[in-house]
Amino acid sequence: MSELSVLTVGIRLNGEDREIADDLTVEGLLLSLKLRPALVVVEHNGEILRRERYAEVRIHAGDSLELVHFVGGG
Amino acid sequence: MESLSTPTALAVDDRLVIAGRPLRSRLMVGTGKYRSNAEMVAAIEASGAEVVTVAVRRVDLNRADEEGMLFHLDPGRYLLLPNTAGCYTAAEAVRYARLARAAGFTDWVKLEVIGDAETLLPDVAATIEAARELIADGFNVLAYTNDDLITALRLEDAGCAAVMPLASPIGSGLGLVNPYNVRTIKARLSVPVIVDAGVGTASDAAVTMEQGVDGILMNTALAEAGDPVRMSRAMGLATEAGRLAYLAGRMPRRERAVPSSPLTGMLS
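Residues numbered from 1 in each chain as written. Chains lettered and ligands numbered in written order. Predicted model: local features only at pLDDT ≥ 70, side-chain atom pairs only at ≥ 80, totals over all residues.

A word on the overall build of chain B
Basically, it comes down to this: Secondary structure elements follow DSSP: runs of H or I of four or more residues count as helices, runs of E of two or more count as strands, with numbering from the N terminus. We compute the radius of gyration from the C-alpha atoms alone; for a globule the expected value is 2.2 Å times N to the 0.38, where N is the number of residues. The contact criterion used here is simple: two residues whose C-beta atoms, placed from the backbone, lie within 7 Å are in contact.
Of the regular secondary structure elements, chain B holds 9 helices and 10 strands. Compactness check: chain B gives a C-alpha radius of gyration of 20 Å against a globular reference of 18 Å for 268 residues, within 12% of the reference. On the principal axes, the C-alpha backbone points of chain B span a range of 85 × 45 × 35 Å. A separation of at least 24 residues holds for 63% of the contacts in chain B among residues at least 6 apart in sequence.

Set out below in structure tokens:
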């Protein structure tokens, strides 16, 4: 494997299987998806993640993440 | 013509207060089903509402331009009230409420646990169960419920900040189908009673407020109106008109005419 190849890991993201870059933080994942961390709430392996921790928590193979936000509703 | 975007101010001595917070309107509005976000924002402005409901949903990862409601509505200007719409169990509703609170600007939640997909009527047992759990966890719970006194009393006993009986089913626009039930609930509860769901047009809002309830929450009547901004203004006025009429006290009903002009002094 060349040094330039990017290692990926498989995760479950909003109910779908996804390959993401290895060793990403939650914040890194949100930014790679062009999402503003301030507008998104993250559930990581069933636990709600406090926003202050987005930059420190790393995502591992097999992790499950739910990214939610507010939409129109009554 | 008067500007549609200038709601009348609620009389300061008749403020609705929920969980210790005075609100600038007795009308609460939703954010669903508008044709555009710009129209939604203009309609909310025209309604004069301060409490504005939002739903919690997955970010659509295939639509990068989807910014969510926090991009359109300032939580400093409106009291954004997350709902648990679409939840069918107490556990699910509690999970959605906690996700909403993690957004970091409110510990209020509009609790809604649906019991039936066809009528969208609430599962009142599950609603009471979820209310207890959320209140123990520090939430201010505004609980959507049926127009049933006993459930309303149980929700108040559980510690809900407000109880929200329906006027008629969600999105039906049928108006207030059982004024007696709603009046009974209002007469027996100490916490604010907000009628949530079923209002179709401005007269429905006025009739609902004339029952003496503390406020109304609506969405579809505004979003599906031909002109949502105009209807929102109408609903703001009707809510206030109904409130004033209730406070004023209506004349008695009688089944015979009574003249308004003197019977004496007629020409011979």
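Some details on the sheet that holds strand β8 (residues 162-165) of chain B
Residue and element names in this part refer to chain B. Basically, it comes down to this: The pairing criterion is simple: DSSP has to find at least two bridges between the two strands. Axes here refer to lines fitted to C-alpha atoms; in helices the fit is confined to the stretch in contact. Angles between the N-to-C directions go from 0 to 180 degrees.
Ordered in space as β6-β7-β8, the 3 strands form an open sheet in which the pairing is parallel. The two strands at the open ends of the sheet, each matched to only one other strand, are β6 (108-111) and β8. Strand after strand, the sheet turns through a mean of 15 degrees between neighbouring axes, direction not considered. As defined by bridge partners, strand β7 (residues 140-145) adjoins β8 across 4 bridges and the pair is classed as parallel. Following the sheet pairing, A143 is matched in β8 by V163.

Description of the nonpolar core
Residues and elements named next belong to chain B. Quick note on the threshold: In this description, a nonpolar core means buried residues of the types Ala, Val, Leu, Ile, Met, Phe, Trp, Tyr and Cys, linked to one another by C-beta atoms lying within 7 Å. Exposure in this text rests on C-beta crowding, where 20 or more other C-beta atoms within 10 Å of a residue's own make it buried, 12 or fewer make it exposed, and counts in between make it partly exposed. The C-beta atoms are placed from the backbone.
In this structure, L111, A131, A143, I194, I216 and M235 are the most contacted members of the largest nonpolar core, which totals 95 residues. It is helix α3 (residues 90-102) that contributes the most residues to this core, 7 residues altogether. With residues up to four places along the chain from it excluded, the contact list for A131 reads L111, V141, A143, L155, A158 and C160.

Here we look at helix α4 (residues 124-136) of chain B
Residue and element names in this part refer to chain B. Selection rule: Residue count minus one, scaled by 1.5 Å, sets the expected span of a helix.
For α4, built from 13 residues, the straight-helix expectation of 18 Å at 1.5 Å per residue is met to within 8% by its first-to-last C-alpha distance of 18 Å. If you check which residues of α4 are buried, you get V124, A126, T127, I128, A130, A131 and L134. Contacts made by the buried residues of α4 are with α3, β6, β7 and α5 (149-158). One or two positions beyond α4, positive phi appears at G138, with a value near 95 degrees.

Looking at the interface of chain A and chain B
Cut-off, in case you're wondering: For this scheme, ten residues count as nonpolar: Ala, Val, Leu, Ile, Met, Phe, Trp, Tyr, Cys and Pro. Four count as charged, namely Asp, Glu, Lys and Arg, and the remainder, Gly too, count as polar.
Each partner contributes to the interface: chain A provides 19 residues, whereas chain B provides 30 residues. Broken down by secondary-structure element, the contributors of at least two residues to the side of chain A that touches chain B are β3 (41-44) and β5 (64-72) of chain A. Broken down by element, the residue count for the side of chain A that touches chain B peaks at 7 residues, all from β5 of chain A. Tallied by class, the residues present in the side of chain A that touches chain B amount to 10 nonpolar, 5 polar and 4 charged. Direction of pairing for β5 of chain A relative to strand β4 (residues 51-58) of chain B: antiparallel, over a ladder of 5 bridges. Bridge pairing links V71 of chain A to A55 of chain B in β4 of chain B.

Let's talk about the pairing of β3 of chain A
All names here are of chain A. Where β3 meets β5, 4 bridges bridge the pair, whose relative direction is antiparallel. For E43, the partnering residue across the bridge sits in β5 and is E66. Remark: 2 residues form the turn of the hairpin made by β3 and strand β4 (residues 47-49), two consecutive strands paired antiparallel; N45 in that turn has positive phi of roughly 50 degrees.

Observations concerning the packing of α5 of chain B against helix α6 (residues 179-188) of chain B
Residues and elements named next belong to chain B. To keep it simple, the criterion reads: We call two directions roughly parallel when the angle between them is under 35 degrees, roughly antiparallel when it is over 145, roughly perpendicular when it lies between 65 and 115, and oblique otherwise. Two helices that cross are described as forming a left-handed crossing if the nearer one is turned anticlockwise from the farther one by less than a right angle, and a right-handed crossing if clockwise.
Where α5 meets α6, the closest approach of the two axes is 9 Å, and the angle between their N-to-C directions is 30 degrees. Judged by the inter-axis angle, α5 sits roughly parallel to α6. For α5 against α6, the interelement crossing comes out right-handed. Residues L149, A152 and L153 of α5 pack against T184, I185 and R188 of α6. The residue makeup of the contact of α5 with α6, split by class, is 4 nonpolar, 1 polar and 1 charged.

Section: the packing of α4 of chain B against α5 of chain B
Residues and elements named next belong to chain B. Where α4 meets α5, the axes come as close as 9 Å, and the angle between the chain directions of the two elements is 10 degrees. Here α5 runs roughly parallel to α4, going by the angle between their axes. On the side of α4, the interface is formed by V124, I128, A131, R132 and I135, while α5 contributes T151, R154, L155 and A158. In terms of residue class, the contact of α4 with α5 is built from 6 nonpolar, 1 polar and 2 charged.

Quick word on the environment of V195 of chain B
Residues and elements named next belong to chain B. Mapping V195 onto the fold places it in strand β9 (residues 194-196). With 28 residues separating them in the primary sequence, V195 and A167 have C-alpha atoms 6.1 Å apart. If we skip the residues at most four places from it in the chain, V195 touches M164, P165, A167, V182, T208, V213 and I216.

Observations concerning the confidence of the model for chain B
All names here are of chain B. To be explicit about the condition: The pLDDT value tells you how sure the predictor is about a given residue, anywhere from 0 up to 100.
Residues with a pLDDT of 70 or more make up 94% of chain B, whose mean pLDDT is 93. Contacts for the low-pLDDT stretch residues 1-6, under 50 throughout, to residues beyond four places or in other chains number 6 contacts. Here the predicted complex carries an ipTM of 0.88, next to a pTM of 0.90.

As for the pairing of strand β1 (residues 8-13) of chain A
Residue and element names in this part refer to chain A. With 6 bridges connecting them, β1 and strand β2 (residues 16-21) associate as antiparallel partners. Bridge pairing in β2 links R12 to D17. Bridge count for β1 against β5 is 2 bridges, and the pairing is parallel. Across the sheet, residue R12 finds its bridge partner in β5, namely S64.

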